[in-house]
Amino acid sequence: MDMKGTLKTGLAGMMDMFLPRVCIVCGCRLLRHERHLCLGCHMDMPLTRFWERSHNPMADKFNEVIQDGIEAGRTHEPYAYAAALFLYHSEAGYRHIPYQIKYHGNIKAGEHFGSMLGKKLAVSPLWSDIDMIIPVPLHWTRQWKRGYNQAEVIARAAAEALGVPVRTDILMRKRRTKTQIKLDIKEKAQNVAGAFAVTEDARAIFRNGGTVRHIVLLDDVFTTGSTLGACFAALREVFPPSVRISVVTLGYVGGA
Ligand SMILES: [Zn+2]
């Protein structure tokens, strides 16, 4: 172990004396070598393995969302890929992972699980041609208030594992939307419809002769797919169907 590693371990040990480090999922106290999850919760993590299959329940759900949003006349939308790191039901302990990252400023956990996600994608041929990862943007007022965009934190770690760039200059959130938690599927779709737009930079990619084959949209959690669907619709205004637009999240919320 190098000096930096020793120092980090030492500091983590010292922090334990003041603030016990606990497992995000079950709340038990972590051993010194454990990070974010105890060994048991790490071993039991309900990995989706969706990254290995082009057709999976998340992709089917997302393709339904984008088909619903396609206006008459655009009929040849290619099947979109979709993958999440882990699956959980709404009451399961694993929901604490995205919650910690989004609401408790646990950036380190975002980086940890983002990196884990990136490594899974990196070994699957389906995801070997990614040109860029675009995190779902927050409205600037919300990002200013929170201090960071949780999707961007996850995206940066995943992108590093994949060796691809993160682009935050392509997609913007035009207006603030209500928190989605208490809305039903239809209300969620209405809430985010038209909330996103592409920037001049996105158009410039083509003006400058750039080629793009595969864009990955990244968010923290996939529930109904309405937010990612709205982002997808905005990107399609600039990127033709020859550019694959896939979606990736940390969590996939399955029905209980
Ligand atoms: Zn645990």
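Conventions used here
Residues numbered from 1 in each chain as written. Predicted model: local features only at pLDDT ≥ 70, side-chain atom pairs only at ≥ 80, totals over all residues. Heavy atoms only, no water. Donors = N, O, S within 2.8 Å, 3.2 Å for Na, K, Ca; no water. Tetrahedral: all angles 85-135°; square planar, octahedral: opposite > 155°, others 65-115°. Helix = DSSP H or I, 4+ residues; strand = E, 2+ residues; numbered from the N terminus. Buried < 20%, exposed > 50% of the residue type's maximum accessible area, 1.4 Å probe, protein only. Patch = residues over 30% accessible without salt bridge, like charges linked within 9 Å, V, L, I, M, F, W, Y side chains within 5 Å. Areas by Shrake-Rupley, 256 points an atom, 1.4 Å probe, with all protein chains shown as cover. Salt bridge = Lys/Arg side-chain N within 4 Å of Asp/Glu carboxyl O. Pairing = 2+ DSSP bridges. Axes fitted to C-alpha atoms, helices over the stretch in contact; angles between N-to-C directions. Lys, Arg positive; Asp, Glu negative; His and termini not counted. Contact = heavy atoms within 4.5 Å. Phe/Tyr/Trp six-rings, centres within 6.5 Å; stacked < 30°, edge-to-face > 60°. Core = buried A, V, L, I, M, F, W, Y, C linked by side-chain atoms within 4.5 Å. Expected span 1.5 Å × (residues − 1). Polar contact = N/O pair within 3.5 Å; in protein donor to acceptor, adjacent residues only side chain to side chain.

Engineer: Could you give an account of the coordination of the zinc ion, with specific residues and numbers?
Structural biologist: Any two of four tetrahedral donors ideally make an angle of 109.5 degrees at the metal, while pairs among six octahedral donors ideally make 90 or 180 degrees. At 2.3 Å from the zinc ion lie its protein donor atoms, namely Cys 23 (SG), Cys 26 (SG), Cys 38 (SG) and Cys 41 (SG). If you look at the zinc ion, its four donor atoms make angles of 102 to 116° with each other, and the shape they trace is tetrahedral. Here the donor residues for the zinc ion map to a single chain with the spacing C-x2-C-x11-C-x2-C. Note that Cys 23 is positioned in the loop between α1 (3–18) and α2 (39–43) and Cys 41 in helix α2, a separation of 18 residues in sequence. Note on Cys 23: relative accessible area 2%, which makes it buried.

Engineer: Any details on a nonpolar patch on the surface? Residues and values, ideally.
Structural biologist: A contiguous nonpolar surface patch, about 340 Å² in accessible area, is contributed by Tyr 99, Tyr 103 and Ile 181. Here Tyr 103 is to be found in helix α4 (residues 96–103). Overall, Tyr 103 belongs to the partly exposed group, its relative accessible area being 36%.

Engineer: Quick one: what's the story with the sheet that holds strand β6 (residues 244–253), residue by residue and with numbers?
Structural biologist: A sheet is described by the order of its strands in space; here four strands give the open sequence β1-β6-β5-β2, paired in parallel fashion. Strand pairing shows two members of the sheet lacking a second neighbour, β1 (82–88) and β2 (132–135), which therefore form its edges. For this sheet, the mean angle separating the axes of adjacent strands, direction not counted, is 20°. Sheet topology places β2 next to strand β5 (residues 214–222); four bridges connect them, and they run parallel.

Engineer: I'd like a description of the side chain of Asp 220, backed by residues and values.
Structural biologist: Along the chain, Asp 220 falls in strand β5. Lacking a salt bridge, the buried Asp 220 has Lys 102 as its closest oppositely charged neighbour, with an N-O distance of 4.3 Å. With residues near it in sequence (within four places) discarded, Asp 220 still touches Lys 102, Gln 150, Ile 154, Thr 249, Leu 250 and Gly 251.

Engineer: Tell me about the packing of aromatic side chains, and name the residues and values.
Structural biologist: By the definition in use, this model includes eight aromatic pairs. Between the aromatic rings of Tyr 99 and Tyr 103, the centroid separation amounts to 4.8 Å while the plane-to-plane angle is 50°, which identifies the pairing as tilted. Note that Tyr 99 and Tyr 103 are positioned in helix α4 at a spacing of four residues, about one turn of the helix. In this structure an aromatic cluster arises from ring pairing among Phe 50, Phe 62, Phe 222, Phe 232 and Tyr 252.

Engineer: Outline the nonpolar core, listing residues and values.
Structural biologist: Nonpolar side chains tend to gather and get buried jointly when the protein is soluble and globular. The biggest cluster of nonpolar side chains holds 73 residues, and the ones touching the most others in it are Ile 97, Phe 113, Leu 217, Leu 235 and Phe 239. Non-local contacts of Phe 113, meaning those with residues more than four positions away in its chain, are made with Ile 24, His 36, Leu 37, Met 45, Leu 85, Ile 97 and Leu 250.

Engineer: Would you mind going over the pattern of salt bridges in detail, with residue names and values included?
Structural biologist: Under the defined criterion, the tally for this structure stands at seven salt bridges. A salt bridge links Arg 213 to Asp 131, with the shortest nitrogen-to-oxygen separation between them at 3.1 Å. Residue Arg 213 is located in the loop between α9 (200–207) and β5, and its partner Asp 131 is located in the loop between α5 (107–122) and β2; the two are separated by 82 residues in the primary sequence. As a salt-bridge pair, Glu 152 and Arg 156 come within 3.0 Å of each other at their nearest N and O atoms. With a gap of four residues between them, Glu 152 and Arg 156 both fall in helix α7 (residues 150–162), about one helical turn apart. Since its relative accessible area comes to 41%, Arg 156 is described here as partly exposed.

Engineer: How would you explain α7 if you had to name every residue and give the values?
Structural biologist: Taking 1.5 Å as the rise per residue, α7 with 13 residues should run 18 Å; its terminal C-alpha atoms sit 19 Å apart, in good agreement. Of all the 13 residues making up α7, 10 are buried; the element is thus mostly covered by neighbouring parts of the structure. All of the buried residues along α7 are Gln 150, Ala 151, Glu 152, Val 153, Ile 154, Ala 155, Ala 157, Ala 158, Ala 159 and Leu 162. Taken together, the buried residues of α7 touch α4, α5, β2, α6 (140–146), β5 and β6. Sitting at the amino-terminal end of α7 is Asn 149, which places a side-chain oxygen 2.9 Å from the backbone nitrogen of Ala 151. Immediately downstream of α7, the backbone of Gly 163 shows phi near 70°, a positive value.

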